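Descriptive analysis of the structure
Below are the chains, spelled out letter by letter.
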Amino acid sequence: MNPFKAVVVERDEEKRQSVSLRTLTEADLMEGDVTLRVSHSSVNYKDGLAVTGKLPVVRRWPMVPGVDVSAEVISSADPLFKPGDQVILNGWGVGEAHLGGWSEIMRVKGDWLIKRPAELSAYDCAAIGTAGYTAMLSLMAIESYGLKPADGAAVVTGAAGGVGSISLMLLKNAGWHVIATTGKLSEADHLRHLGAEEVIDRAELSGPAKPLAKERWVTGIDNVGSHTLANVLSMTKGEGAIVACGNAQGMDLPSSVAPFILRGVALIGINSVTVPRAKREIAWARLAKEIDLAKLHLNTRKVSLDGAIEAGRAIAEGKIKGRVVVEVQ
Ligand SMILES: NC(=O)c1ccc[n+]([C@@H]2O[C@H](COP(=O)([O-])OP(=O)(O)OC[C@H]3O[C@@H](n4cnc5c(N)ncnc54)[C@H](OP(=O)(O)O)[C@@H]3O)[C@@H](O)[C@H]2O)c1
C-alpha cells in the first residue's frame, strides 16, 4: 500500500494538542476486517471538538477526526463486502476512539458499514452525514411517539447548523409547520427556503427558563441543550414530545419537572453513534427518498483535507452554516 494523507490530531507529554496534515503508512491503520479508500468525509461539531480539544471527545492518541465516511472497499475479510463496493459509515466511535474519515485510507469493522443507497452519490452521503442521519432518527422518534403535523408546530433549535438545517428540510417534507430558532438572523431567508415557516432569535430561549410558559409547539428537535432545551420544554404543548440530540449551548439541563408532570411532555434522547445496522438502513433508505438534493447542495460547501482543519475550528465556535463536505482524495 502506498503512503497516504490524513489529518492527525496529536498530544505531547504535557497534553498540549496539535493538528496537521500528515503522511501515514499501512502500519498506522487500526484493526478491522475491511480496508477502505475514502472519497468524502464531513465536518461535524464533534470533529470540531476533536480538532480544538474544546471537549474531550478523543479517546485514543494520535487520532484522525471525521465521524462520517463515504468510501470504496479496497479489500474485505467480511463476507458482506467485496472490493469495489460503495459504502458509508457514521459514528461507531470513528474520529473518537478509531481513526476517522479525514484520511485517504481507513481500516474498519465490516459491522459498522452499510451499502450506499443507489439514489445518493458519495458526496451526497457526506453532505447528509451524521447530521442528516441524526435528523432522520429524530423525525422517526417523533413519528414513533405518535405525533402528527395536525397536532401543532415543530421547533428546531440551532437551525443554521448541520443537524438543524437538515431537520428543517425533513420536517417540512413530512408536513410539519416548522419554527426555526437561530443566532444567525441574517440567514432567515435561507432557513425559510430550507423549510422554516417562522424564524425566531435564539436569544428568546437562551436564558433561564420558567417552569411553564405559553405553549408554542407540540414537538421539536433540539441541538443545543442547556437553557435552550429547558425553554423548549416549558413551551411544549400538553402530551407533546421533544427530541434532544445536541449540546451546542451546554451539557446541562436547568429545567424543572413541571413540563413532564403538569403537561405530560416527553423528552426523547437520540444517540446516533451505536444505532444497530437495521435501523441505520431504514434511516438511510428514508433519507434517499425524502431529502431534497437541490436544497442539500445549496446548504453544503466543500473543503479539501487541508481545509478541514480550519472548518473544524470554525464549527467548534458555532461559525459554520449548514454542512461542510471534505473532499478527501
Ligand atoms: N445525539 C447524536 O447522536 C448527535 C449526532 C450529531 C450531532 N449531535 C450534536 O448535535 C449538535 C449539533 O451538531 P451539528 O453537527 O449540527 O453542529 P453545528 O453545525 O455546529 O450546529 C450547532 C448549532 O447550534 C447553535 N449554537 C451554537 N452555539 C450555541 C450556543 N452557545 N447557544 C445556542 N445555540 C448555539 C448554532 O445554530 P444557530 O447559528 O442557528 O443558532 C449552531 O449552528 C452538537 O451538539 C452535536 O454534538 C448529536
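Residues numbered from 1 in each chain as written. Predicted model: local features only at pLDDT ≥ 70, side-chain atom pairs only at ≥ 80, totals over all residues. Heavy atoms only, no water.

Glancing now at the domain arrangement of the protein. If you check the domain split of the protein, you get domain 1 (4-116 + 300-327) and domain 2 (130-269). A C-alpha centroid distance of 29 Å is found between domain 1 and domain 2. Listed per partner, the contact involves 13 residues of domain 1 and 13 residues of domain 2. Summed over both sides, the interface between domain 1 and domain 2 buries roughly 870 Å², with carbon and sulfur atoms accounting for 52% of that surface. Sorting the residues of domain 1 by area buried against domain 2 places Tyr-45, Lys-321 and Arg-323 first, and these three jointly supply 48% of that buried surface. At the surface where domain 1 touches domain 2, the tally comes to one salt bridge. Notably, a salt bridge pairs Lys-321 with Glu-187, separated by 3.4 Å at the nearest N-O pair. (Domains from an automatic or database assignment. Contact = heavy atoms within 4.5 Å. Buried area = accessible area lost by both parts, 1.4 Å probe. Salt bridge = Lys/Arg side-chain N within 4 Å of Asp/Glu carboxyl O.)

Inspection of the region around the ligand gives 25 residues, with Thr-182, Gly-183, Lys-184, Cys-245 and Ser-272 positioned closest. Within the side chain of Lys-184, a nitrogen or oxygen atom sits 2.6 Å from an oxygen atom of the ligand. Between the ligand and Ser-272 there is a distance of 2.7 Å, counted from an oxygen atom to a side-chain nitrogen or oxygen. Only α2 (122-145), α3 (162-173) and β9 (178-182) provide two or more residues apiece to the shell around the ligand. Counted by class, the shell around the ligand contains nine nonpolar, 14 polar and two charged residues. (Near = heavy atom within 4 Å. Polar contact = N/O pair within 3.5 Å; in protein donor to acceptor, adjacent residues only side chain to side chain. Helix = DSSP H or I, 4+ residues; strand = E, 2+ residues; numbered from the N terminus. Nonpolar A, V, L, I, M, F, W, Y, C, P; charged D, E, K, R; others polar.)

To continue, consider the pairing of strand β6 (residues 105-108). Side-chain alternation along β6 places Ile-105 and Arg-107 on one buried face and Met-106 and Val-108 on a second face that is also buried. Inspection of the sheet shows strand β3 (residues 34-42) paired to β6 by four bridges, in the antiparallel sense. By the bridge assignment, Leu-36 is partnered in β6 with Met-106. (Buried < 20%, exposed > 50% of the residue type's maximum accessible area, 1.4 Å probe, protein only. Pairing = 2+ DSSP bridges.)

Here we take up the nonpolar core. Among the nonpolar cores identified, the biggest contains 50 residues, and Leu-168, Leu-171, Trp-176, Leu-191, Trp-284 and Ile-291 are the most heavily contacted of them. With 14 residues, α2 is the single largest residue contributor to this core. Each of two domains, domain 1 (4-116 + 300-327) and domain 2 (130-269), supplies a minimum of three residues to this core. Beyond its immediate sequence surroundings of up to four residues, Leu-171 is in contact with Leu-139, Ile-142, Ala-154, Val-156, Trp-176, Val-178 and Ile-221. Membership of the second largest hydrophobic core comes to 45 residues, among which are Leu-49, Val-64, Val-94 and Ala-311. (Core = buried A, V, L, I, M, F, W, Y, C linked by side-chain atoms within 4.5 Å.)

Turning to the pattern of salt bridges, a few remarks are in order. Opposite charge on two side chains allows them to pair when their charged atoms are near. Across all of its chains, the model carries 19 salt bridges by this definition. As a salt-bridge pair, Asp-68 and Arg-323 come within 3.4 Å of each other at their nearest N and O atoms. In this pair, Asp-68 sits in strand β4 (residues 68-76) while Arg-323 sits in strand β15 (residues 323-327), placing the two residues 255 residues apart along the sequence. Like Arg-323, Asp-68 is buried. We note a salt bridge from Glu-197 to Lys-172, for which the minimum N-O separation is 3.0 Å. Highlighted residues: Glu-197 in the loop between α4 (188-194) and β10 (198-201) and Lys-172 in helix α3, separated in sequence by 25 residues. Here the residues in one salt-bridge network are Asp-12, Glu-14 and Arg-16, joined through shared partners.

Another point: helix α10 (residues 307-316). With seven of ten residues buried, α10 is to be regarded as a mostly interior element. Buried within α10 we find Ala-308, Ile-309, Ala-311, Gly-312, Ala-314, Ile-315 and Ala-316. Those residues of α10 that are buried are in contact with β1 (4-11), β2 (17-24), α1 (45-52), β14 (300-304) and β15. Remark: Gly-318 follows α10 within two positions and exhibits a positive phi of approximately 70 degrees.

Note on placement: Leu-298 falls in helix α9 (residues 293-298). Remark: the alpha-carbon pair of Leu-298 and Lys-237, spanning 61 residues in sequence, is separated by 33 Å.

This next bit is on the packing of aromatic side chains. The geometry of two aromatic rings is summed up by the distance between their centres and the angle between their planes. Under the defined criterion, the tally for this structure stands at one aromatic pair. Ring geometry for Tyr-133 against Trp-284: centres 6.5 Å apart, planes inclined by 15 degrees, an arrangement best described as stacked. Placement of Tyr-133 in helix α2 and of Trp-284 in helix α8 (residues 277-290) is noted, with a sequence separation of 151 residues between them. Accessibility assignment for this pair places Tyr-133 and Trp-284 in one class, buried. (Phe/Tyr/Trp six-rings, centres within 6.5 Å; stacked < 30°, edge-to-face > 60°.)

Within the secondary structure, Tyr-123 is located in helix α2. Spatially, the C-alpha atoms of Tyr-123 and Leu-49 are 23 Å apart, while their sequence positions differ by 74 residues.

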